[in-house]
Number of protein chains: 4
Amino acid sequence: MTPIDRYISESSFHVRYAETDKMGIVHHAAYIIWFEEGRSEFIRQRGGSYADIEKTGYFLAANELNARYIKAAVYDQLIRVRCWVDSYKSRVMVFACEIDDASTGELLFMATIKLICLNAEGQVTRIPKEWAKWMEA
Amino acid sequence: MTPIDRYISESSFHVRYAETDKMGIVHHAAYIIWFEEGRSEFIRQRGGSYADIEKTGYFLAANELNARYIKAAVYDQLIRVRCWVDSYKSRVMVFACEIDDASTGELLFMATIKLICLNAEGQVTRIPKEWAKWMEA
Amino acid sequence: MTPIDRYISESSFHVRYAETDKMGIVHHAAYIIWFEEGRSEFIRQRGGSYADIEKTGYFLAANELNARYIKAAVYDQLIRVRCWVDSYKSRVMVFACEIDDASTGELLFMATIKLICLNAEGQVTRIPKEWAKWMEA
Amino acid sequence: MTPIDRYISESSFHVRYAETDKMGIVHHAAYIIWFEEGRSEFIRQRGGSYADIEKTGYFLAANELNARYIKAAVYDQLIRVRCWVDSYKSRVMVFACEIDDASTGELLFMATIKLICLNAEGQVTRIPKEWAKWMEA
């Protein structure tokens, strides 16, 4: 269930043909990329930019991913990605997302991803304080 | 140059992180997928649906692709895909596209793709007459 | 830890350039695709073929994915995918994989995926008995 | 036709499930990625490493791609990528490839790509003389 006490970004787009596979439905790795785009959109909607974050020498690297596939998306479907910050600590952020049909709201996919903050040398580092402005509800 | 005597679809979206590569720019195969999405959007804007076309047992298979990379797209950039029908014959359609920066109009990529009409058995077949309603300017 | 009481398939390949992203390392969705290829290879090494399975009207659809990213793979690295059947029930199979550096054995990634058996109509169905010959250790 | 007066690299692998689309065949962008992997393999077989090239501050960026799709590859098929240097000038290299069925030799795809040599600042620059050792037949 989407939380009610924090910012939830929303973005919508049509499923691309390239995202389908021979089963006739969307390939299971495509949702992972949609989730990532949902995080980019979350940061944009909060007034930040993940592109700018990387320019300052910080990176968020995937550490753990947990995903549930509820109903298969299909080509051309207009889907909606909702994304929010589930939790964070000094060096770690957890994003969550739900992907549903943009018209009917039928749930298709849900996932969380744990990201670790790295510096330009690839070392685990503290999340910069300035991120609080877009991370916090 | 985009033609002035026919319908040109436009769609815009942000470059996804997954579409970049270690050169720091968008991978050259990603533009091919954007072009394809441009064709889907073209058909949608013309009142058709490529999903519906396939349901009637017709398919458009790639036969020849010619692409020019003018300037590299980057992560998070808002890009615009413009797509149109370049030409068509009884069994063949050629789509063209230009991809540029949605804000500045700076040209990034242009390509044409020749598609062959196949039936459900994978045989080359005539383009159905009903397609004229969205193919023709 | 890889189990010692069952068949474990192994396959090796070089990381493709397209699998990297602007962080300079492999994109986190690429491992999901390698895991899938590991399952294809597992079935091949056991004398089966997932292509043939689908021809008989059965499909394995992703239901739940849990992944841990330990160390980033990089372009050109020779990696190894090890894959095995973690468990199965009448309608469900769980595959596990470990991905490491093929030369040093350094662990990069581990994951499990729960797959549901579907028939050609997309309904959940029993795993055919004939699969036992490649599923079982 | 593959040339007879120069080095031609060969590599083989099984088509991945993720590379297919809902038409039941391999998506047309996947061949572009196989061609790129063919170039990586070409450089490896010639004793070089494109990973090392980038470490010295040189990059090969796609400029023009021309591709012909002859016959569709399918999931699980063992395919072969043959790749060679078609031509080069001071700042430009053209690679060519043919992709066929590894067992029957039936031709599936052929393409050329023109690559421009860039330095770390993204400026067009001369191809380093040391590359001659792997570029030249």
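Note that this is a predicted model, so its numbers are computed, not measured. Here the residue index of a chain counts from 1 through its sequence in written order. The order in which chains are written sets their letters, starting at A; the order in which ligands are written sets their numbers, starting at 1. Whole-chain, interface and lining totals are the exception, using all residues; otherwise, since this is a predicted model, local features are given only for residues with pLDDT of at least 70 and side-chain atom pairs are given and counted only at 80 or more. No hydrogens and no water enter the side-chain calculation; it runs on all heavy atoms of the structure.

Draft legend 1. Examining the pairing of strand β3 (residues 78-88) of chain C more closely. All names here are of chain C. For strand β1 (residues 9-14) and β3, the ladder comprises six bridges, and the chain directions are antiparallel. Across the sheet, the residue bridging to phenylalanine 13 is isoleucine 79, located in β3. Two strands are said to pair when DSSP picks up at least two bridges between them. Counting from the N terminus, the helices are DSSP H or I runs at least four residues long and the strands are E runs at least two residues long. When β3 meets strand β4 (residues 92-101), the two strands line up antiparallel, connected through nine bridges. Bridged to valine 81 within β4 is isoleucine 99. From the end of β3 to the start of β4, which pair antiparallel, there are three residues.

Draft legend 2. The arrangement of the side chain of arginine 44 of chain B in detail. Along the chain, arginine 44 of chain B falls in helix α1 (residues 30-45). Relative accessible area decides the class of each residue, using a 1.4 Å probe on protein chains only: under 20% of the type maximum gives buried, over 50% gives exposed, and in between gives partly exposed. Assessed through its relative accessible area of 17%, arginine 44 of chain B is described here as buried. Of the polar contacts made by the side chain of arginine 44 of chain B, one reaches the side chain of glutamate 37 of chain B; its length is 2.8 Å. Should any heavy atoms of two residues lie within 4.5 Å, those residues are considered in contact. Setting aside its immediate chain neighbours within four residues, arginine 44 of chain B contacts His14 and Asp76 of chain A together with Glu37 of chain B. N or O atoms within 3.5 Å of each other form a polar contact, as long as, within protein, one can give a hydrogen and the other can take it, and as long as residues adjacent in sequence are counted only when both atoms are side-chain atoms.

Draft legend 3. Fine view of the interface of chain D and chain B. Of the residues lining the interface, 23 residues belong to chain D; the matching set on chain B comes to 23 residues. With both chains or domains summed, chain D and chain B bury close to 2,000 Å², and 58% of this area falls on carbon and sulfur atoms. A quick way to say it: buried area is the sum, across both parts, of accessible area lost when two parts are put together, with a 1.4 Å probe. Contact with chain B buries area across many residues of chain D, yet Met23, His28 and Tyr69 of chain D alone supply 27% of it, more than any other trio. Any Lys or Arg side-chain nitrogen found within 4 Å of a carboxyl oxygen on Asp or Glu counts as a salt bridge. Counting across the chain D and chain B interface gives two salt bridges. Lysine 22 of chain B is the partner of glutamate 54 of chain D in a salt bridge, and the nearest nitrogen-oxygen pair spans 2.6 Å. Summed over the shared surface of chain D and chain B, the number is eight residue pairs in polar contact (both at pLDDT 80 or more). A per-element tally of the side of chain D that touches chain B places strand β2 (residues 58-69) of chain D first, with eleven residues. In this structure, strand β2 (residues 58-69) of chain B lies alongside β2 of chain D, joined through five bridges in antiparallel fashion. Bridging across to β2 of chain D, alanine 67 of chain B finds its partner in leucine 65 of chain D.

Draft legend 4. Broad picture of the relation of the copies chain D and chain B. In the superposition of chain D on chain B (RMSD 0.0 Å, axial shift 0.0 Å), the rotation amounts to 180 degrees. The superposition of one copy onto the other is thereby described by a two-fold rotation axis. Distance from the rotation axis, computed per C-alpha, reaches its smallest value in chain D at asparagine 66 of chain D: 2.3 Å. Both copies present the same face, since 100% of the interface residues in chain D are matched by interface residues at the equivalent positions in chain B. To line up the copies, we fit them by least squares on C-alpha atoms, keeping just the residues with pLDDT of at least 70 in both.

Function cannot be inferred from these measures alone, as they are strictly geometric.
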